[in-house]
Amino acid sequence: MSVELRRNGLHLTGTPLSLDAKRKSPLSFVSHGHSDHIARHESTIATAATLRFMAHRLGPVASPLSVPFRRPFELGPLLLELLPAGHILGSAQLRVTRADGKRIVYTGDLNTAPSLTAEATEVATCDTLVIESTFGHPRYRFPPRPEVLGQVETWLRAQLNRGVTPVLLGYPLGKSQEAMKQLALRGFQLVAHPSIFDVAELYAELGVPIENLRRYDGRVEPGEVLFFPPHLARGGALAPHWPRATAVLTGWAMDPGGARRYGADVAFPLSDHADFPSLLRYVKDTGARDVITCHGFAEELAQALRDAGTDARPLGKPQQMTLF
Ligand SMILES: [Zn+2]
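Procedures and definitions
- Residue numbers run consecutively from 1 along every chain, following the written order of its sequence.
- pLDDT decides what is reported in this predicted model: residues at 70 or higher carry local features, side-chain atom pairs at 80 or more are listed and counted, and totals for whole chains, interfaces and linings draw on all residues regardless.
- Note: side-chain values were computed over all heavy atoms of the structure, leaving out hydrogens and water.
- Where each domain begins and ends is defined by an automated method or by a domain database.
- Throughout, buried area stands for the accessible area (probe radius 1.4 Å) lost by two parts on being put together, summed over both.
- Between Lys or Arg on one side and Asp or Glu on the other, a salt bridge is scored when a side-chain nitrogen of the former is within 4 Å of a carboxyl oxygen of the latter.
- Here a polar contact means two N or O atoms within 3.5 Å. Within protein one must be a hydrogen donor candidate and the other an acceptor candidate, and residues neighboring in sequence count only if both atoms are side-chain atoms.
- Note on residue categories: nonpolar means Ala, Val, Leu, Ile, Met, Phe, Trp, Tyr, Cys or Pro, charged means Asp, Glu, Lys or Arg, and polar means any other residue, Gly included.
- A cavity here means a set of points on a 1 Å grid, drawn over the protein atoms and nothing else, where a 1.4 Å probe fits but cannot get out; a pocket is an open set with protein on both sides within 12 Å along at least five of seven lines, and a residue lines either one if it has an atom within 4 Å of a point.
- Grid points are joined across faces, edges and corners, and a volume is the space filled by probe spheres set on the points.
- Strand pairing is defined by DSSP finding a minimum of two bridges between the two strands.
- Note on conventions: DSSP H or I runs of at least 4 residues are helices, E runs of at least 2 residues are strands, and numbering of each starts at the N terminus.
- Axes here mean lines fitted to C-alpha atoms, for a helix over just the part in contact, with angles spanning 0 to 180 degrees between N-to-C directions.
- When checking whether two residues touch, look at their non-hydrogen atoms; a contact exists if any pair is within 4.5 Å.

- Named according to an unreviewed UniProt entry, the protein chain is MBL fold metallo-hydrolase originating from Corallococcus coralloides.

**Section: the domain arrangement of the protein chain**
Right, on to step 1. Structurally, the protein chain comprises domain 1 (3–139 + 273–314) and domain 2 (145–268).
Right, on to step 2. Summed over both partners, the interface of domain 1 with domain 2 comes to about 1700 Å²; 68% of that surface belongs to carbon and sulfur atoms.
Right, on to step 3. Where domain 1 meets domain 2, there are 2 salt bridges.
Right, on to step 4. Put simply, D255 and R139 hold a salt bridge, and the shortest N to O gap is 3.4 Å.
Right, on to step 5. Counting across the interface, domain 1 meets domain 2 through 9 residue pairs in polar contact (both at pLDDT 80 or more).
Right, on to step 6. Each residue belonging to the side of domain 1 that touches domain 2 can be placed in one class, and the counts come to 9 nonpolar, 8 polar and 2 charged.

**Concerning the layout of surface pockets**
Right, on to step 1. Counted as a void, the largest pocket has a volume near 480 Å³.
Right, on to step 2. As for the largest pocket, its lining consists of 24 residues, and the residues nearest its centre are H34, Y171, W252, D272 and H273.
Right, on to step 3. Tallied by class, the residues present in the lining of the largest pocket amount to 9 nonpolar, 10 polar and 5 charged.

**Quick notes on the sheet that holds strand β9 (residues 92–97)**
Right, on to step 1. Read from one edge to the other, the open sheet built from 7 strands follows the order β7-β8-β9-β10-β11-β18-β19, with strand pairing classed as mixed. Among the strands making up the open sheet, the edge pair consists of β7 (73–75) and β19 (311–314). If you compare each strand with its neighbour and ignore which way they point, the axes differ by 25 degrees on average.
Right, on to step 2. Relative to strand β10 (residues 103–106), β9 is paired through 4 bridges, and the arrangement is antiparallel. Within the sheet, the bridge partner assigned to R95 lies in β10 and is V105.
Right, on to step 3. Strand contacts of helix α7 (residues 276–286): β9, β11 (128–132) and β18 (290–294), with the helix running at about 160 degrees to β11, the strand carrying the most contacts.
Right, on to step 4. Of the strands in this sheet, β11, β18 and β19 are in contact with helix α8 (residues 298–307), which crosses β19 at around 170 degrees.

What follows is the structure, encoded as C-alpha cells:
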C-alpha cells in the first residue's frame, strides 16, 4: 500500500481516497482546517471540528462524513481510523488497514508537544508512514514550549511596563488560539483581530473557551495585548497604535532574519509543527518500516531516517497523467 502525488494532491494508491487534496476530489480525507489542506470536495472525511473550520472558510461542506477519533469505520475493503495529530483543534492522522492487516498512516500536519487547545497526539502505530516534514531539517530544534512561552511573557511585560502596545502576530486558526489560551492563563488581557476572534468563538463552541479575550474594534486599552494576523500587520493597519512593539510566533523564528520576514521586531519559536528531533522520535515510535516524507524538508528528513536505519524516501513529483 502506498501513496502517489496526483494533480489535485496526495492519493492513496488503488483506492478512491485522496488525502488533503488541494482541489475538488470525489472523496478526500481532510486532516485539519488550514487553508492549504482544504477544498470543496464531493465527499469529505474529517473530524467535526475540521468540518466546522471548513464551513467557516468555504461555506457549507457537501456530503460530510464526521468521524470521531478512535472510531474505526469501513470504506469498501479498508478499515479507516482517525487519531489526534496535536497540530490544531480537531487535527487528525488517518490510519488505513487493509484486509490483510497491513497498515498505512498519513499524519497530515503533526505536533507532538503538549497543547492546551489541540487534542493530545497519539502515536499511530503502522507498517507504512506518510509523514509531513515541514521542519524536517536538523537546524530546527525548538526549545520546550513552556520556555518559549516564558520568553513571550517576559517580553510582553517589558513592553507593557514601558507603556508600549505589544502586538503578537500569529496564524488566525490554531496558533493564535493556543497562544491566547496560554497567555490568558498567565493573566494577560487580550484583544484579537476579528479574523482571530471569530475562530476563537468556534473554539469555544467546540469546547475550548479562551478567557480574557475581546474582539478588536480599533482600540487597544492600556495593559492589553493585541493579536493580529501577520498578513494584515503590514501597511497602515497598526499605525494608530504607537508606540508599539511586534513579535511573531512561528517555528521559522529559528531562521536568521525570521522576525524581519514578518515585519516584526522579534520572533519566538512557538510552532504547531513537530521539530526535527520530534519527527525522528515519532517515526521510531510508530514502528513503521517504510516511511514516505512530504512537504518542506522531505529530502533531508528521509536522508536522516535512512542514516538511522529506516527505509525512507521523499514523495515523488506529481505524475503527468491522472486516471480520474
Ligand atoms: Zn496546518
